[in-house]
Amino acid sequence: MRTCLLTLTPLLPPTCNDSSCVAQSASVPHSETRAAWDEAATKVNEAVAEKLAQWQAELDLFLFVAALLAAVAAAVVAVTYPALQPSHPDAQLLLLAQISAQLGSFSMNPAFANSTQPPLTASQAIDSSTEGTSVATILINLLLFISLVISLGVVVICIQCKQWVRYQTEGLHGDTWETQLARQYRWLGITEWNFDRIMVNIAPLTVLGVMTFLVGLVVLLWTLHAAVAAIPTLLVGVIIATQLITIVLPVFYPECPFVSPQSK
């Protein structure tokens, strides 16, 4: 594919766009070179079409995973985020507790009955009805919100990338000289603007969103029941350890097949 691109690149004017590249081109190749040019153009078109189809398939997968993760994270966040707000017990329960405390502190004398429990003031009622948010609750919601934001960000990036990939073939039909030049011009834009780097970074972002959600889920389970949280914690630990090992191994062992964008 690289050889074919280098073969066709000199035929393309240094600066042009889809509408002007044809006008700026020198002339149609001579008849004796037409067959060679058509063969090279066909190979380039097949390689480009294969690469675009691969990108579209990857984007569909990442879009599905990110959308599913966003839906699950949003459902869990809807349950956990109210715990970030201060809790306010029922005012009637506070009054009944105060009455019970005053009745329990009565001292009976022949002349009078006295209570050593002072009445409940407004400020004391507010202070007693407001409980601080625990560190575990803050950590759970932080991890879940990070996972939700990352997953939604991946969804937006995938939608944009699908539009950019679709543009590569939009309005280009047939194998005429003009169509080949326009197709080559668009592909050079893809390579010069490093579109492949964007595609490479989508996978690590998706993995990071999933891992963040799993860690937040484990912390949530530990606040509910230790026995229930033990097995999921072990499974999540195995998943994270596997990810880290497969990322590090290719760095020290070049022949290792577990090569991913994270390990490069």
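Residues numbered from 1 in each chain as written. Predicted model: local features only at pLDDT ≥ 70, side-chain atom pairs only at ≥ 80, totals over all residues. Heavy atoms only, no water.

*Asks:* Could you clarify how one ought to interpret the overall build of the protein in this entry?
*Replies:* Secondary structure summary: the protein contains nine helices and two strands in total. Traced from its N-terminal end to its C-terminal end, the protein shows the element sequence α-α-α-α-β-β-α-α-α-α-α. Within the protein, the proportion of its 264 residues that are buried is 31%. Residue pairs at least 24 apart in sequence account for 74% of intrachain contacts in the protein once pairs closer than 6 positions are excluded. When the accessible area of the protein is evaluated, it comes to approximately 16600 Å², of which 68% is carbon and sulfur surface. (Helix = DSSP H or I, 4+ residues; strand = E, 2+ residues; numbered from the N terminus. Buried < 20%, exposed > 50% of the residue type's maximum accessible area, 1.4 Å probe, protein only. Contact = heavy atoms within 4.5 Å. Areas by Shrake-Rupley, 256 points an atom, 1.4 Å probe, with all protein chains shown as cover.)

*Asks:* It is not clear to me how the packing of aromatic side chains should be interpreted in this structure. Could you clarify?
*Replies:* Each aromatic ring pair is characterised by the separation of its centres together with the angle its planes make. In this structure the tally under the stated criterion is three aromatic pairs. Measuring from ring centre to ring centre gives 5.9 Å for Trp 55 and Trp 187, while their planes differ by 25°; the resulting arrangement is stacked. Of the two residues, Trp 55 sits in helix 3 (residues 31–80) while Trp 187 sits in helix 7 (residues 177–192), which places them 132 residues apart along the sequence. Residue Trp 55 is classed as buried on the basis of its relative accessible area, which comes to 5%. Taking relative accessible area as the criterion, Trp 187 reaches 4% and is therefore assigned buried. With centroids separated by 6.2 Å and ring planes inclined at 75°, the aromatic side chains of Trp 164 and Phe 195 adopt a geometry described as edge-to-face. (Phe/Tyr/Trp six-rings, centres within 6.5 Å; stacked < 30°, edge-to-face > 60°.)

*Asks:* When you look at the confidence of the model for the protein in this model, what are you seeing that I'm missing?
*Replies:* A low pLDDT means the predicted coordinates there should not be read in detail. Overall, the predicted model of the protein reaches an average pLDDT of 78, with 69% of residues at or above 70. Overall, residues 1–15 carries pLDDT values under 50, and its contacts beyond four positions in sequence, including any with other chains, amount to 26 contacts. Long-range and interchain partners of residues 21–28, a stretch whose pLDDT sits below 50, account for 14 contacts in this model, where long-range means more than four residues apart. (pLDDT = per-residue confidence, 0-100.)

*Asks:* So what exactly am I meant to see when it comes to the packing of helix 8 (residues 195–224) against helix 9 (residues 226–252) here?
*Replies:* The geometry of helix 8 relative to helix 9 is characterised by a closest axis approach of 8 Å and an angle of 160° between their N-to-C directions. It follows that helix 8 is roughly antiparallel to helix 9 by the angle criterion. When you trace helix 8 past helix 9, the crossing you get is left-handed. From helix 8, Val 207, Met 211, Leu 214, Val 215, Val 218, Leu 221 and Trp 222 reach across to helix 9, where they touch Ala 226, Val 228, Ala 229, Ala 230, Pro 232, Thr 233, Val 236, Ile 239, Ile 240 and Gln 243. Tallied by class, residues from the contact of helix 8 with helix 9 come to 15 nonpolar, two polar and no charged. (Axes fitted to C-alpha atoms, helices over the stretch in contact; angles between N-to-C directions. Parallel < 35°, antiparallel > 145°, perpendicular 65-115°, else oblique. Left-handed = near helix turned anticlockwise from the far one by under 90°. Nonpolar A, V, L, I, M, F, W, Y, C, P; charged D, E, K, R; others polar.)

*Asks:* Looking at this model, I keep getting lost on the nonpolar core. Mind explaining?
*Replies:* For soluble globular proteins, nonpolar side chains are generally found buried alongside one another. Membership of the largest hydrophobic core comes to 19 residues, with the highest contact counts inside it found for Trp 55, Leu 59, Phe 195, Met 199 and Ile 202. Of all the secondary-structure elements, those providing two or more residues to this core are helix 3, helix 6 (135–167), helix 7 and helix 8. Broken down by element, this core gets its largest block of residues, seven residues, from helix 3. Beyond its immediate stretch of four places on either side in the chain, Phe 195 contacts Trp 55, Cys 161, Trp 164, Val 165 and Ile 190. Within the second largest apolar cluster, 16 residues are counted, among which are Leu 69, Leu 143, Leu 220 and Val 236. (Core = buried A, V, L, I, M, F, W, Y, C linked by side-chain atoms within 4.5 Å.)

*Asks:* I keep staring at the packing of helix 6 against helix 8 and nothing clicks. Help me out?
*Replies:* The description of two helices packed together rests on the angle between their axes and the distance between the axes. As a packed pair, helix 6 and helix 8 sit with axes 8 Å apart at the nearest point and diverge in direction by 155°. Between helix 6 and helix 8, the angle is such that the two are roughly antiparallel. Two packed elements cross with a definite hand, and for helix 6 against helix 8 that hand is left-handed.

*Asks:* Explain a nonpolar patch on the surface here, please?
*Replies:* A cluster of nonpolar side chains, namely Tyr 81, Leu 84, Ile 138 and Phe 145, defines an oily patch on the protein surface of about 350 Å² accessible area. Following the sequence through the fold, Tyr 81 ends up in the loop between helix 3 and helix 4 (91–104). (Patch = residues over 30% accessible without salt bridge, like charges linked within 9 Å, V, L, I, M, F, W, Y side chains within 5 Å. Salt bridge = Lys/Arg side-chain N within 4 Å of Asp/Glu carboxyl O.)

*Asks:* Just to check I follow, could you spell out helix 9 for this structure?
*Replies:* For the α-helix, the turn length of 3.6 residues means that residues three or four positions removed from each other point alike. For helix 9, built from 27 residues, the straight-helix expectation of 39 Å at 1.5 Å per residue is met to within 8% by its first-to-last C-alpha distance of 38 Å. Among all positions in helix 9, only Ala 229, Val 236 and Pro 250 are buried. Considering only its buried residues, helix 9 is in contact with helix 8. (Expected span 1.5 Å × (residues − 1).)

*Asks:* Would you take a moment to explain unusual backbone geometry for this structure?
*Replies:* Glycine aside, the phi torsion of most residues is negative, and most peptide linkages are trans. In this structure, Asn 194 is a non-glycine residue whose phi angle is positive, near 55°. Inspection of the secondary structure assignment puts Asn 194 in the loop between helix 7 and helix 8. Overall, the relative accessible area of 32% leaves Asn 194 in the partly exposed class.

*Asks:* It is not clear to me how the environment of Ile 157 should be interpreted in this structure. Could you clarify?
*Replies:* Within the element layout of this structure, Ile 157 appears in helix 6. Sequence spacing of Ile 157 and Phe 62 is 95 residues, and the spatial spacing of their C-alpha atoms is 9.8 Å.

*Asks:* Got a minute to help me understand the environment of Val 200 in this structure?
*Replies:* Within the element layout of this structure, Val 200 appears in helix 8. C-alpha of Val 200 to C-alpha of Ser 260: the two residues are 60 residues apart in sequence and 9.0 Å apart in space.

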